[in-house]
Amino acid sequence: MKEIVEAKFKEIFGTEGRFKTYFAPGRVNLIGEHTDYNGGHVFPCALTMGTYATVREREDKILNFYSINFDELGIISSSIENLVYNENENWINYPKGVIWALKDEGYNIEHGFDVVYYGTIPNGAGLSSSASLEVLTAVILKDMFKLNIDNTKIALIGQKAENKYVGVNCGIMDQFVIANGKKDNAVFLDTATLEYQYAPINLENEKIVIMNTNKKRGLGDSKYNIRRAECEMALEELQKGGLKIKALGELTEEEFEENKYLIKDEIRQKRAKHAVYENQRTLKAVQALRDNNLELFGKLMVESHNSLRDDYEVTGIELDTLVEEALKQDGVIGARMTGAGFGGCAVSIVKTDKVEKFIKNVENGYREKIGYNPEFYVVEIGDKPRII
Ligand code: GLA
């Protein structure tokens, strides 16, 4: 991959000068969905798939962006002095947003650069290609300008770019796990405090199989922001009713059941129920893994999917079909949608010796019902961003 992106860089921007190449992973969330903006827990891991970039510093203020994934767009130029969101500029709003966020936080970005990006994560599939691009850009800038900034702050900068520049009200999960990922470990993160622990994923006889619906979606045009607003409103109703909480993630299932009458709308009640139960499920799932009880972990994955389908309503026929088909197969431990939903990917854990048959059968079942093929990735858990 390094060779591919460096060769393209030389072709597009010439061979003179010094350039460096960097990598940042994508991510898959194992459990804890739509909890990260509700002060709950998440349990994602970084992937070995990710985004590469080759970069050369410039002496002027110009930014020249090129992506191998968007060859047809050619070089898109901008300037560190003109960091305004532009819908027509497509993917470069993510790196531009990161430069904007860094400057906004007082970091000194003195000059421009030429950069070629290359992502091996499928775009818009819910595996965080955009967060990977954001974190990668922040890591490049940290190195280029010797910024005093740790990986958690890098994640917050990426989130700020997404929230305030791109306009998606995402939580911190994606940027956080991408910035802090660790090979063969999931990241057990409390989004209320940003405290985290690594949890080894010792799958001796199983594989993580990601199933892509191939239904394209962008978070910006999805109902993501609406879900977040519904949760915020439900929280406000609970607070007005007298509950001394700062986030839905502070509630146990019992506390929620006792107080849910304070939420005056049935739909908002369902949204809040998901946020509370999913957070508790995540705690149980991490404990199950610590107890080496993979079977229970898988069961909780399925419960998570059902809650996202029935109470949070972010799955849709494509994701539901993938999970239904997956659960029919021999050797499946668990399956659920992953990421924001509304299309994108589902994640499953499958016995290694059954993976081949699993993929074939799920593909057939999905095509029969949906009319086109899904895609599958048997993935490995990867490390945080680095210079390569
Ligand atoms: C997207 C967002 C995350 C998180 C998930 C849902 O990936 O970027 O912050 O909210 O959806 O869990």
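Up top is the structure these notes are about.
A brief structural summary. (Residues numbered from 1 in each chain as written. Predicted model: local features only at pLDDT ≥ 70, side-chain atom pairs only at ≥ 80, totals over all residues. Heavy atoms only, no water.)

Some details on the site of the ligand
Put simply, the rule is: Whether a residue is near a molecule or strand is decided by its heavy atoms; if any one of them lies within 4 Å of it, the residue is near. Two N or O atoms count as a polar contact when they lie within 3.5 Å, although within protein this holds only if one can serve as hydrogen donor and the other as acceptor, and sequence-adjacent residues are included solely when both atoms are side-chain atoms. Residue burial considers only the protein chains on display, and all accessible areas are found by Shrake-Rupley using a 1.4 Å probe.
What surrounds the ligand is the set R27, E33, H34, D36, Y37, C170, G171, M173, D174, Y224, G339 and A340. In the model, an oxygen atom of the ligand is placed 2.6 Å from a nitrogen or oxygen of the E33 side chain. Within the backbone of A340, an N or O atom sits 3.4 Å from an oxygen atom of the ligand. For the ligand, whose unbound accessible area comes to 310 Å², protein coverage reaches 98%.

Focus on the packing of aromatic side chains
The cut-off we apply is this: Only Phe, Tyr and Trp rings take part, Trp by its six-membered ring, and two of them pair if their centres are within 6.5 Å. Stacked means planes under 30 degrees apart, edge-to-face means over 60, and tilted covers everything else. By definition, any uninterrupted DSSP run of H or I lasting at least four residues is a helix, any uninterrupted run of E lasting at least two residues is a strand, and each is numbered from the N terminus. Note on classification: 1.4 Å probe, protein chains only; a residue is buried when its accessible area is under 20% of the maximum for its type, exposed when over 50%, partly exposed between these limits.
Scanning the entire structure with this criterion turns up 16 aromatic pairs. Residues F70 and W91 carry aromatic rings whose centres are separated by 6.5 Å and whose planes lie at 10 degrees to one another, so their mutual orientation is stacked. Of this pair, F70 sits in the loop between β4 (62-67) and β5 (76-79) while W91 sits in the loop between β5 and α2 (93-104), and the two are 21 residues apart along the sequence. Taking relative accessible area as the criterion, F70 reaches 21% and is therefore assigned partly exposed. We classify W91 as buried; its relative accessible area is 6%. When the centroid spacing of 6.1 Å and the interplanar angle of 80 degrees are considered together, the rings of Y366 and Y372 count as edge-to-face. Judged by relative accessible area, which is 0%, Y366 ranks as buried. Residue Y372 is classed as partly exposed on the basis of its relative accessible area, which comes to 33%. Through pairs of rings, three or more aromatic residues link up here, namely F65, F70, W91, F113 and Y117.

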